[in-house]
Amino acid sequence: MLGKGRIAALGFQHVLAMYAGAVIVPLLIGGALGFTSAQMTYLVSIDIFMCGIATLLQLTMNRFFGIGLPVVLGCAVQAIAPIILIGEQYGIGAIYGSIIVSGIFVVLIAPFFSMVVRFFPPVVTGSVVTIIGLTLIPVAINNLAGGQGAADFGSLYNLGLGFGTLFVIILVYRFGRGFSKAIAVLIGLVAGSVFAAIYRGISMQPVVDAPMFHVPTPFYFGMPTFNWAAILTMILIALVSMVESTGVYFALSDITKRKLEKSDLTKGYRAEGLAIVLGGIFNTFPYTAYSQNVGLVQLSGIKTRKVIYVTAGILIVLGLLPKVGAITTIIPTPVLGGAMVAMFGMVVAQGIKMLGKVNFTSQENLLIIACSVGVGLGVTVVPDLFKVLPDFIQLFTSNGIVAGSITAIVLNIIFNIIPHRKEKDITEPARVDL
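The chain carries the name Xanthine permease in an unreviewed UniProt entry, which gives Listeria newyorkensis as its organism. UniProt, in the comment section headed Sequence similarities (unreviewed entry), describes the chain in these words: "Belongs to the nucleobase:cation symporter-2 (NCS2) (TC 2.A.40) family." Database annotation for the chain, UniProt heading Subcellular location (unreviewed entry): "Cell membrane".

In structure tokens, the structure reads:
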């Protein structure tokens, strides 16, 4: 029987394991879209608050939603690049309009996702996640150098701070034990920030200016707007997240020795969809099941949902205290960049791991990967590639992630789903007339 003190400690451990991954999403998106320090503080705080609410939705089992496994939900990292692109092209309102619609889509498709999932085998999802990770790497490198447009871009101080942070993360992974590895990114962020504070100083003004307490505000950044290209982009991201969450659900079901029925998966998808809708309403981001917390459940051997309820409660309380959120906004840009190299590199590695399940003896699968990654990276590097096409088509081709995803889905349908005639085996030797 677990005591209250141990349950609280284990719950806080789960918060630490997911915290860096959760706050990096609003920090990157808000930074790329030019949010003020006050807006960034709200964005981080409401994001942490909604992580707690989203987790509660999954923990609570009822007739309509909640898978009831010890799962922690956090911001979907794969949504960073598409959200930044939507914000730059169509405005903040389009971000939240597309998130709300994608969440409703997930809720509606939840009972039928088992029929749709065949269009997202590892060759598709692995290619998409790989493209997402590769698309994010330039963002990480720019931040490591001080941030695009910075007066001291690429200075020795910035490079030293960024690579120093990355080196600390690597050292923790190499020599750390157990839980310390799970929070290696967080340790790196703290170490880099402490060094920067000692060497050059860090302004604490955002923390001073932040209020002690705030109430979550629907549509804080304005009313949502609806753009078809933005909506399609977020639906694609939501589908990829559902596939990833499915893997998390089955991993936890194996750890907890609980067999999942189709109805359980449906309720899990619905909870995720509701979390995404609420994320759009309260101006945060899409939510998905976090795999790093699965490792912690396995590592600790504690499988009870009581611990995750404590985790959700801590996240909700932290999200109501803007000064806590403001602390993360003062992390120096090169420090964030160093951590991003590791995190986004891990996204690429996760995509490659997913591709490891693919049958590479099939030339068709190799062609799907080659073309989708090639198109995705090509459009990212050369965004004007399709500028001569009609504007409507450019809505879907100007985003490397969307272009690569569509390529992977279409080629998978052509090669692996549509029946096609196979060549007959030649069993008789050819006759030779003498």
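That was the structure; now back to the text.
### Considering a nonpolar patch on the surface
On the surface, Met-212, Phe-213, Val-215, Val-317 and Leu-321 cluster together into a nonpolar patch covering about 490 Å² of accessible area. For Val-215, a relative accessible area of 56% gives the class exposed.

### Some thoughts on the side chain of Thr-165
With respect to the element layout, Thr-165 can be found in helix 7 (residues 156-175). With a relative accessible area of 1%, Thr-165 lands in the buried category. Among the polar contacts made by the side chain of Thr-165, one reaches the main-chain carbonyl oxygen of Leu-161 at a distance of 2.9 Å. Other than its neighbours up to four places away in sequence, Thr-165 contacts Gly-188, Leu-189, Gly-192, Val-335 and Ala-339.

### Here's the deal with unusual backbone geometry
If you check the backbone angles, Lys-257 has positive phi at about 60 degrees while not being a glycine. Its location among the elements puts Lys-257 in the loop between helix 11 (228-256) and helix 12 (262-281). Taking relative accessible area as the criterion, Lys-257 reaches 69% and is therefore assigned exposed. Unusually for a residue other than glycine, Asn-283 sits at a positive phi of about 60 degrees. Classification of Asn-283 as buried rests on a relative accessible area of 0%.

Analysis parameters
- Residues numbered from 1 in each chain as written.
- Predicted model: local features only at pLDDT ≥ 70, side-chain atom pairs only at ≥ 80, totals over all residues.
- Heavy atoms only, no water.
- UniProt positions renumbered as here; feature names shortened; annotations may be inferred.
- Patch = residues over 30% accessible without salt bridge, like charges linked within 9 Å, V, L, I, M, F, W, Y side chains within 5 Å.
- Areas by Shrake-Rupley, 256 points an atom, 1.4 Å probe, with all protein chains shown as cover.
- Salt bridge = Lys/Arg side-chain N within 4 Å of Asp/Glu carboxyl O.
- Buried < 20%, exposed > 50% of the residue type's maximum accessible area, 1.4 Å probe, protein only.
- Helix = DSSP H or I, 4+ residues; strand = E, 2+ residues; numbered from the N terminus.
- Polar contact = N/O pair within 3.5 Å; in protein donor to acceptor, adjacent residues only side chain to side chain.
- Contact = heavy atoms within 4.5 Å.

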